[in-house]
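# Residue-level structure breakdown
Listed below, chain by chain, are the residues.
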Amino acid sequence: FGPVCGLGLLTFATIYFAPKAYKNIGVLSAITCLVFYVIGVVSLFIVACSDPGVVKPGGYASVPTMNASAGRGWRYCDLCSVSQPPGAVHCPECNVCVDGYDHHCPWMGTCIGKKNFTAFCTFNATWLFYLMYAIIWVTFFGAAFSEINSTEIDSSNDQEMSGTKAPWEDAP
């Protein structure tokens with residue numbers, strides 16, 4: 001349910017802000033909105049559909065013995081029946097052990113772990129920068145900047161046009 005909501009929010013923002021950016025600022029601003037959307041959707045699906053680093057039975061060939069000093073940090077999970085490497089935690093929502101466990105993300109519908117952490121950070125940075133771009137540039141400053149430039153161009157054209165005569169006005 002979480003990835004569907006994330007996709008819906010990104011899509012809604014793009015449907016609202018991209019045409020507004022195109023109309024008020026220009027094509028480059030609308031393309032920027034679409035680039036943010038594509039990066040956000042791709043990273044959302046990578047996070048939601050990829051393995052976060054689930055620890056599988058027999059997945060680590062060099063599991064140290066309990067007596068070895070190198071075995072510090074390794075634990076045994078009774079729920080999953082696996083040896084957890086250092087940094088792995090059992091996620092109660094997913095009911096698996098995840099290597100490099102950060103948290104269980106309801107927006108992604110999965111755990112965030114060692115293997116999908118980079119895509120998760122990419123997604124968060126993308127939607128955050130997209131939100132700031134849409135609110136700050138598209139809604140306020142970009143539209144005002146575009147309006148100021150078009151007003152200056154219109155007034156300079158009016159000044160140039162007011163001092164000139166049409167060719168038919170010179171005839172007697």
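Here, the structure is the one placed above.
The rules we used
- Residues numbered from 1 in each chain as written.
- Predicted model: local features only at pLDDT ≥ 70, side-chain atom pairs only at ≥ 80, totals over all residues.
- Heavy atoms only, no water.
- Helix = DSSP H or I, 4+ residues; strand = E, 2+ residues; numbered from the N terminus.
- Buried < 20%, exposed > 50% of the residue type's maximum accessible area, 1.4 Å probe, protein only.
- Core = buried A, V, L, I, M, F, W, Y, C linked by side-chain atoms within 4.5 Å.

### Brief notes about unusual backbone geometry
Positioned with a positive phi, Ser-81 is a non-glycine residue whose angle comes to about 60 degrees. Summarising the element assignment, Ser-81 is placed in the loop between strand E1 (75-77) and strand E2 (82-84). Positive phi, normally seen in glycine, also occurs at Asn-95, with a value near 60 degrees.

### Description of the environment of Pro-57
By the secondary structure assignment, Pro-57 is in the loop between helix H2 (27-49) and E1. A residue is classified by how much of its surface remains accessible, and Pro-57, at 64% relative accessible area, is exposed. Each C-alpha atom of the pair Pro-57 and Ser-83 lies 7.5 Å from the other, and the pair is 26 residues apart in sequence.

### With respect to the nonpolar core
By size, the foremost hydrophobic cluster in this structure holds 20 residues, and its most contacted members are Cys-33 and Met-108. Mapped onto this core, the elements with two or more residues apiece are helix H1 (2-24), H2 and helix H3 (117-162). Counting residues per element, this core draws most heavily on H3, which supplies 7 residues. Counting residues in hydrophobic clusters, the runner-up holds 6 residues, among them Cys-77, Cys-80, Val-82 and Ala-88.

The values are spatial; any link to function lies outside them.
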